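# Breakdown of the fold
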Amino acid sequence: QVQLVESGGGLVQAGGSLRLSCAASGSILSIDVMGWYRQAPGKQRELVATITSGGSTNYADSVKGRFTISRDNAKRTVYLQMNNLKPEDTAVYYCNLQREPYGLNYWGKGTLVTVSS
């Protein structure tokens with residue numbers, strides 16, 4: 001069983017920065033893909049970024065060049081550095097771990113990011 005706990009959300013002005021962290025407990029495998037998703041009010045949850053244990057990353061077009069995902073396998077933690085934030089980045093950000101060969105998908109409870117204009 002894996003548990004994910006996010007932290008680092010808050011209120012920031014447009015153009016500002018925030019760093020989200022997600023600490024994982026339980027067994028983390030090298031095959032696990034970790035990532036961040038977000039859900040804005042009235043919208044569906046969407047991919048923000050993912051990272052493999054080897055460091056391969058994938059980003060949504062809307063955040064490329066502004067957000068950076070990183071992972072510390074020893075600390076079982078994934079980070080999301082968010083720069084040049086925009087009001088449209090306002091959402092609840094969820095940490096995710098996917099263990100595809102076993103069909104397992106874990107979610108954190110989310111952390112709210114609010115960007116004021």
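In case you missed it, the structure is sitting above this.
So, here's what we can say about the structure. In this text the structure is predicted, and so the values were computed from the model without any measurement. Numbers given for residues are sequential positions, taken from 1 along each chain in its written order. It should be noted that, the model being predicted, local features are given only for residues of pLDDT at least 70 and side-chain atom pairs only at 80 or more, the latter also being counted only at that level, while totals for whole chains, interfaces and linings use all residues. Only hydrogens and water are removed before side-chain values are computed, so all heavy atoms of the structure are retained for them.

### Here's the deal with the nonpolar core
The criterion, for reference: In this text, buried Ala, Val, Leu, Ile, Met, Phe, Trp, Tyr and Cys residues form a nonpolar core when linked through side-chain atoms within 4.5 Å. Exposure is judged per residue with a 1.4 Å probe applied to protein chains only, and the accessible area is read against the type maximum: over 50% gives exposed, under 20% gives buried, and values in between give partly exposed. Contact definition: two residues touch when any of their heavy atoms are within 4.5 Å.
Membership of the largest hydrophobic core comes to 29 residues, with the highest contact counts inside it found for Leu4, Trp36, Leu80, Met82 and Tyr93. If sequence neighbours within four positions are ignored, Leu4 has contacts with Cys22, Ala23, Ala24, Met34, Cys95, Asn96, Leu97, Tyr106, Trp107, Gly108 and Lys109.

### Quick notes on the environment of Cys95
For clarity, the threshold we go by: To qualify as a helix, a DSSP run of H or I must reach at least 4 residues; to qualify as a strand, a run of E must reach at least 2; elements of each kind are numbered from the N terminus.
Along the chain, the position of Cys95 falls in strand β9 (residues 91-99). Accessibility expressed as a relative area gives 0% for Cys95, which makes it buried. The sequence separation of Cys95 and Ser7 amounts to 88 residues, and the corresponding C-alpha distance is 9.8 Å. When sequence neighbours within four positions are dropped, the list of residues in contact with Cys95 reads Leu4, Glu6, Cys22, Met34, Gly35, Trp36, Val78, Tyr106, Trp107 and Gly108.

### Brief notes about a nonpolar patch on the surface
Applicable threshold: Residues qualify for a patch when their relative accessible area is over 30% and they have no salt bridge, like charges being joined within 9 Å and the nonpolar side chains of Val, Leu, Ile, Met, Phe, Trp and Tyr within 5 Å. Throughout, the Shrake-Rupley method with a 1.4 Å probe supplies accessible areas, and for residues the shown protein chains are the sole cover considered. Salt bridges are defined as contacts in which a side-chain nitrogen from Lys or Arg sits within 4 Å of a carboxyl oxygen from Asp or Glu.
A cluster of nonpolar side chains, Leu29, Ile31, Tyr102 and Leu104, forms an exposed patch at the surface whose accessible area comes to about 360 Å². Note that Leu29 resides in the loop between β3 (18-25) and β4 (33-39).

### Details of the packing of aromatic side chains
Stated precisely, the cut-off is as follows: Aromatic pairing here means that ring centres of Phe, Tyr or Trp (its six-membered ring) are within 6.5 Å. Orientation follows from the plane angle: under 30 degrees is stacked, over 60 is edge-to-face, and everything else is tilted.
Counted according to the given criterion, the structure contains two aromatic pairs. Here Tyr37 and Trp107 contribute two aromatic rings whose centre-to-centre distance is 5.1 Å and whose plane-to-plane angle is 70°, an arrangement assigned as edge-to-face. Of this pair, Tyr37 sits in strand β4 while Trp107 sits in strand β10 (residues 104-107), and the two are 70 residues apart along the sequence. A relative accessible area of 15% places Tyr37 in the buried class. Note on Tyr94 and Trp107: the rings are 6.5 Å apart at their centroids and 90° apart in plane angle, and the pair reads as edge-to-face. Of this pair, Tyr94 sits in strand β9 while Trp107 is found in strand β10, placing the two residues 13 residues apart along the sequence. Of the residues examined, Tyr94 reaches a relative accessible area of 13% and is grouped as buried. Owing to a relative accessible area of 35%, Trp107 belongs among the partly exposed residues under this scheme. Members of the aromatic cluster, joined through ring pairs, are Tyr37, Tyr94 and Trp107.

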